[in-house]
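Survey of secondary and tertiary structure
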Amino acid sequence: MKARLIRIAAASVVGLVIAAGIAWWQVDNASSTVQSSVPIGGPFTLTDQDGKTVTDAEYRGKYLLIYFGYTYCPDVCPTELGTMARAMDLLGVQADKVQPMFISVDPERDTVAHLKDYVGLFHPNLVGLTGTPEQVKAAAKAYRVYYAKAPQEGGKPEDYLMDHSSFLYLVGPDGRFLGVYPAGTTADRVAQDLGTRIAG
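Residues numbered from 1 in each chain as written. Predicted model: local features only at pLDDT ≥ 70, side-chain atom pairs only at ≥ 80, totals over all residues. Heavy atoms only, no water.

An unreviewed UniProt entry lists the chain under the name SCO family protein, with Azospirillum brasilense as the source organism. In its Sequence similarities (unreviewed entry) section, the UniProt entry covering the chain states "Belongs to the SCO1/2 family." (UniProt positions renumbered as here; feature names shortened; annotations may be inferred.)

**What to know about the UniProt feature "binding site: Cu cation" (unreviewed entry) in the chain**
UniProt annotation of "binding site: Cu cation" (unreviewed entry) refers to Cys73, Cys77 and His164 when read in the numbering used here. The annotated residues occupy 92 residues of the chain but converge on a single region, no pair of C-alpha atoms lying more than 10.0 Å apart. On the secondary structure map, cysteine 77 appears in helix α2 (residues 76-91). The exposure class of cysteine 77 is buried, given its relative accessible area of 0%. The residues touching cysteine 77, leaving out its near neighbours within four places in the chain, are Tyr67, Gly69, Tyr70, Tyr118 and His164. Look at histidine 164 and you get buried, because its relative accessible area is 17%. Once you skip the residues sitting within four places of it in the chain, histidine 164 turns out to touch Tyr67, Phe68, Gly69, Tyr70, Cys73, Cys77, Val105, Tyr146 and Tyr147. (Helix = DSSP H or I, 4+ residues; strand = E, 2+ residues; numbered from the N terminus. Buried < 20%, exposed > 50% of the residue type's maximum accessible area, 1.4 Å probe, protein only. Contact = heavy atoms within 4.5 Å.)

**Here's the deal with the packing of aromatic side chains**
Applying the stated criterion across every chain, the model contains seven aromatic pairs. Ring geometry for tyrosine 169 versus phenylalanine 177: centroids 6.3 Å apart, planes at 55 degrees, classification tilted. By relative accessible area, which is 11% here, phenylalanine 177 ends up buried. Taken together, Phe68, Tyr143, Phe167, Tyr169 and Phe177 form an aromatic cluster joined through their ring pairs. The ring of tyrosine 160 is capped by arginine 109, whose NZ or CZ atom sits 3.7 Å from the centre of that ring. (Phe/Tyr/Trp six-rings, centres within 6.5 Å; stacked < 30°, edge-to-face > 60°. Lys NZ or Arg CZ within 6 Å of the ring centre and 35° of its normal.)

**Remarks on the packing of α2 against helix α5 (residues 187-199)**
Their axes nearest at 8 Å, the elements α2 and α5 cross at an angle of 50 degrees. Judged by the angle between their axes, α2 and α5 are oblique. Every pair of crossing elements has a handedness; the one defined by α2 and α5 is right-handed. Each of Thr83, Arg86, Ala87, Leu90 and Leu91 in α2 lies in contact with α5, whose residues at this interface are Ala187, Asp188, Val190, Ala191, Leu194 and Gly195. When grouped by side-chain class, the residues that make up the contact of α2 with α5 number seven nonpolar, two polar and two charged. (Axes fitted to C-alpha atoms, helices over the stretch in contact; angles between N-to-C directions. Parallel < 35°, antiparallel > 145°, perpendicular 65-115°, else oblique. Left-handed = near helix turned anticlockwise from the far one by under 90°. Nonpolar A, V, L, I, M, F, W, Y, C, P; charged D, E, K, R; others polar.)

Have a look at this one:
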């Protein structure tokens, strides 16, 4: 238990460092996203929940709302994916211009079949992506995502948790990173910001 608390504390510190690197921490008055002062985002090659190999280029023309997490996550991931799904519902017809995306940081357990069942619980348009450990690592590195396996004391090897940073990333239709919605941002704020961008 003590080791777990130490890992959580360390992850929190790393998360803050990553967050500081991601953001200027100056929010534009017309936007709910936090702007970036460092290069974030880039090309990726992953596998979707239907077993198809996809790249970031296939989603050009839509805003990407991306969350990095894992299906065995007990609390944070379902909460943020629920926010994403609710924001999509609030957007109404504008949601056609947004692609919600969940990228697993736990490729060892998040198989294509398991991912398909999981994303279906949140929203019909949610795309789930996994891949080889190397592919996932490359995607996470591009988005400055921290993640690490956290074995449970006294538990089975397969019952580990994943410590990870938690942001909703927003990418424009041209593939350019636009900012992040910090953890805890409400669905109303996400939908309002996206709606303004789409209408503009």
